[in-house]
There are 2 protein chains.
Amino acid sequence: MQQGPTADGTARGRTRPPSQADVAALAGVSSQTVSRVANNRSNVEPETRERVLSAMRVLGYQRNSAARALTLGRFHVLGVVTFDVTAQGNARTLAAISRAAQRAGYSLNVVCVEDQTERAVQQAVRQLTDQAVDGLVVIEAQILDRPGFSVTSGVPVVVADGDPERRFPSVDTDQAAGATAATRHLLGLGHRTVWHLGGPQDSYAARRRAAAWHAALKAAGAPVPPLRYGDWTAEDGYRIGRELAARPDVTAVFAANDHLALGLLRALHEAGRRVPEDVSVAGFDDLPEAAYYLPPLTTVRQDFEEVGRQCVARLLAQIEAPGTAGDAPVVVAPELVVRASTAPPPAPRG
Amino acid sequence: MQQGPTADGTARGRTRPPSQADVAALAGVSSQTVSRVANNRSNVEPETRERVLSAMRVLGYQRNSAARALTLGRFHVLGVVTFDVTAQGNARTLAAISRAAQRAGYSLNVVCVEDQTERAVQQAVRQLTDQAVDGLVVIEAQILDRPGFSVTSGVPVVVADGDPERRFPSVDTDQAAGATAATRHLLGLGHRTVWHLGGPQDSYAARRRAAAWHAALKAAGAPVPPLRYGDWTAEDGYRIGRELAARPDVTAVFAANDHLALGLLRALHEAGRRVPEDVSVAGFDDLPEAAYYLPPLTTVRQDFEEVGRQCVARLLAQIEAPGTAGDAPVVVAPELVVRASTAPPPAPRG
DNA sequence: TATCTGTGCTCGAACCTACAG
DNA sequence: ACTGTAGGTTCGAGCACAGAT
């Protein structure tokens, strides 16, 4: 071994990474002993173990994960298929998954899918399973319910927020509970009814929120105003918000997420309608900055951390004990956070 | 649960994934021929090739990436070390990296580092290199300049937005150009000076923005007001914003990012100071929702897409042709987007 | 002669079992 | 109770060479 500092700056190219055999040679032991040390077996004398460890340190030995995976048949990698990581919810779920995976000694192979076409998702899944993963988390993929969709090879799959058909084990935020809480909160303040600014129709989460809003109104005997769909952006919130702002009978709006609510706030402001004096607004998500909107937003807080944790837990359970796929979906409860954007309706004029 | 469809229906748990040999057996050829087909060699008769391909389809054959990596010495995986994916900038950079990597046939092994300690970063890097990556992208890690920091093993590294010491090839947004543009824009509107609501002091990007702001004021002969530091949140923007709002001599503020600006907007609103009539506010990032703040925010748009693309390009260049590490940092230009939050200062009172 | 295709072998790096000092 | 040796395992890549057409 003629050396060359591989370490920091220099990285002298062509020296192949040290193998067990190199460590063994340097420590003056057999590679078998190196293996025993690497795998933390007990039957190695402390003095020998120390010698091997120091040789590892000197050479900068790292075990070859490919060879390891080959023999063990386990990669210690979880695949994650996600859409738009730019969306707070997905990003936070991803972060939580990352944390949980790391704690369990797994790393993440992440694929961000561009568009929600079946082909794109299929390809992403293919890429991951073809790659080297022990399990798969699919975040909010509304494609999963398509009958044609399948996951090749027996890789365990867990779906976060989005498997209406329950074809896979899933972990879901209780969208219905959150939407119901928001709607009831507004009704409870005395509003005659609550309008809904819905998320995209192809989003399962959005549909569930809308359905719960509808049900809550029905249950309270309140009239059900027409439902407006947007995508998840502030832009759409503004666009649709302008129409809502123009209707004097609108006194309370439940937006399907905080960004929509933000656009709505701007539209209302421009139309000269005060929040919450004239119109109450509630959102969904509780983004960190929602408390700093004008006015601070009443919203439903999602526990992304818990969703991520549960996903990894379920996946690892399946990986470690295949077949133990408890099928019941895990449901994570959200929480209504009341701030300044909701209040009783203005005194009726007639 | 002794069975039940795992995935697309079949995939009975304990069947080990089909190997080349299985395909060979089914197709009635040798595994050598299967290998030739798998690697797209020319010397296989079309009819035979088709037979093999169909056998692959029937069995759902996917080549074992571990074995492949072992022989080829290449994993086709890039590692990404990132902080808080919840931050828009990082999320967008990550998404762009993902896109670029996918195009090149690489997948991403992502580690989200919790806290910016040297230990945490070291561990993340260790985890990835110990795992199986051909290269490493480190996003905005202000730890890299610490003298002790090193990347083990000869894995190529590229740093996105944050290698002050230039110890690694890097791709950077031109923070200085952006901050200068924002500051000059405000001065150009007639403001006597511009205050700065800075990002965290340990952020290299934040420091560069502050330095450029400072320099732009100096160059224009404007007085340099005291610099206030926050973290990147709307919360801190609000906290510090309240102090700024209380000072009548503040007529223009350049915030180090859009979230800080959002908090500032709220503080100004609460203090009864109108934006932009009384105070002008500019941000940095151009979040998708920045156009829907009240008022729509003038800000500096970062081209995260380009940053991500360049990172992958540089990394692949190093991987494919080691030693060719063109050291000059790649710089990506940002762009000032003028909206409604900036205007000339109020008429001087004396 | 040239083009397929099969056989049989080695290599990569680690793990594991068994057995012997 | 340690440690070494020896051999077989994982799966695919890729070589040399022999038959077949």
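In this report, we go over the structure that sits alongside the text. Residue positions are given per chain, counting from 1 as you read along its sequence in written order. The naming scheme follows written order: chains are lettered A onward, ligands numbered 1 onward. In keeping with the model being predicted, local features are shown solely for residues with a pLDDT of at least 70 and side-chain atom pairs are shown and tallied solely at 80 or more, while totals for entire chains, interfaces and linings include all residues. Where side-chain values are given, they derive from all heavy atoms of the structure, hydrogens and water being excluded.

So, the pairing of strand E8 (residues 252-255) of chain A
Residue and element names in this part refer to chain A. To keep things clear, this is the line we draw: Only protein chains enter the area calculation, which uses a 1.4 Å probe; residues under 20% of their type maximum are buried, those over 50% are exposed, and those in between are partly exposed. Helical segments are the DSSP runs of H or I of at least four residues, strand segments are the runs of E of at least two, and each set is numbered from the N terminus. We treat two strands as partners when DSSP finds at least two bridges between them. If the strands point away from the viewer and the path from the first strand over the helix to the second runs clockwise, then the crossover is right-handed.
Here E8 shows two buried faces, one formed by Ala252 and Phe254 and the other by Val253 and Ala255. Here strand E6 (residues 195-198) runs beside E8; their pairing, made up of three bridges, is parallel. Paired with Leu197 across the strands is Ala255, a residue of E8. Relative to strand E9 (residues 280-282), E8 runs parallel, the two sharing three bridges. Looking at E9, one finds that Ala252 is bridged to Ser280. Traced from E8 through helix H10 (residues 258-270) to E9, the parallel crossover comes out right-handed.

Focus on the nonpolar core
For clarity, the cut-off: By nonpolar core we mean a set of buried residues, namely Ala, Val, Leu, Ile, Met, Phe, Trp, Tyr and Cys, connected to one another through side-chain atoms within 4.5 Å. Every residue pair with non-hydrogen atoms within 4.5 Å of one another is taken to be in contact.
Val281(A) and Val281(B) are the most contacted members of the largest nonpolar core, which totals 54 residues. Every element with two or more residues in this core is listed here: E6, helix H9 (234-245), E8 and H10 of chain A together with strand E6 (195-198), helix H9 (234-245), strand E8 (252-255) and helix H10 (258-270) of chain B. In contact with Val281(B), not counting residues within four places along its chain, are Val253(B), Ala261(B), Leu264(B), Leu265(B), Leu268(B), Val275(B), Leu297(B), Thr298(B), Ser341(B) and Thr342(B). Of all hydrophobic cores here, the second largest spans 48 residues; its members include Leu315(A), Val332(A), Ala100(B) and Leu315(B).

Focus on the packing of aromatic side chains
Rule in force here: Only rings of Phe, Tyr and Trp enter the pairing, Trp through its six-membered ring, and a pair is recorded when the two centres are within 6.5 Å. The plane angle decides the type: under 30 degrees is stacked, over 60 is edge-to-face, the rest tilted. Here, a charge over a ring is recorded when the distance from Lys NZ or Arg CZ to the ring centre is within 6 Å and its angle to the ring normal is within 35 degrees.
Counting across every chain of the model gives four aromatic pairs over all chains. Geometrically, the ring pair formed by Tyr292(A) and Tyr238(B) is tilted, given 5.6 Å between the ring centres and 55 degrees between the ring planes. Of this pair, Tyr292(A) sits in the loop between E9 and strand E10 (299-301) while Tyr238(B) sits in helix H9, placing the two residues on different chains. Judged by its relative accessible area of 12%, Tyr292(A) falls in the buried class. Here Tyr238(B) falls in the buried class, since its relative accessible area comes to 13%. Ring centres of Phe254(B) and Phe284(B) lie 6.3 Å apart, and the angle between their planes is 45 degrees; on these two criteria the pair is classed as tilted. Of this pair, Phe254(B) sits in strand E8 while Phe284(B) is found in the loop between strand E9 (280-282) and strand E10 (299-301), placing the two residues 30 residues apart along the sequence. Assessed through its relative accessible area of 0%, Phe254(B) is described here as buried. When the ring centre of Tyr238(A) is taken as reference, the NZ or CZ atom of Arg266(A) above it lies at 4.2 Å. Between the NZ or CZ atom of Arg209(B) and the centre of the ring of Phe284(B), over which it lies, the distance is 3.8 Å.

Comments concerning the interface of chain B and chain A
How big an interface is tends to be reported as the loss of accessible area on association of its parts. To keep things clear, this is the line we draw: Note on terms: buried area is the combined drop in 1.4 Å-probe accessible area of two parts once they are placed together, counting the loss on both. Whenever Lys or Arg places a side-chain nitrogen within 4 Å of a carboxyl oxygen from Asp or Glu, that contact is recorded as a salt bridge. Pairing of N or O atoms within 3.5 Å defines a polar contact, subject to two protein rules: one partner must be a possible hydrogen donor and the other a possible acceptor, and residues neighboring in sequence count only if both atoms are side-chain atoms.
Facing the 64 residues of chain B at the interface are 66 residues of chain A. Roughly 5500 Å² of surface becomes buried between chain B and chain A when both sides are summed, with 56% attributable to carbon and sulfur atoms. For the pair chain B and chain A, the interface holds zero salt bridges. Between the two partners, chain B and chain A, sit 14 residue pairs in polar contact (both at pLDDT 80 or more).

Observations regarding the protein's contact with DNA strand D
The line we're drawing: Summary of the distance rule: residues count as near a molecule or strand when at least one heavy atom falls within 4 Å of that molecule or strand.
Around DNA strand D lies a shell of 26 residues, among which Thr33(A), Glu45(A), Thr48(A), Gln32(B) and Thr71(B) are the nearest. Among the atoms of DNA strand D lying within 4 Å of the protein, the sugar-phosphate backbone contributes 66%. Here Tyr61(B) contributes a side-chain N or O atom positioned 3.2 Å from a phosphate oxygen of DNA strand D. Measuring from a phosphate oxygen of DNA strand D, one finds a side-chain N or O atom of Arg68(B) at 2.9 Å. Going through the elements one at a time, helix H2 (31-38) and helix H4 (65-72) of chain A together with helix H2 (31-38) and helix H4 (65-72) of chain B are the ones with two or more residues in the surface near DNA strand D. Ranked by residues supplied to the surface near DNA strand D, first place goes to H4(B) with four residues.

The quantities given are spatial measurements derived from coordinates; they are silent on function.
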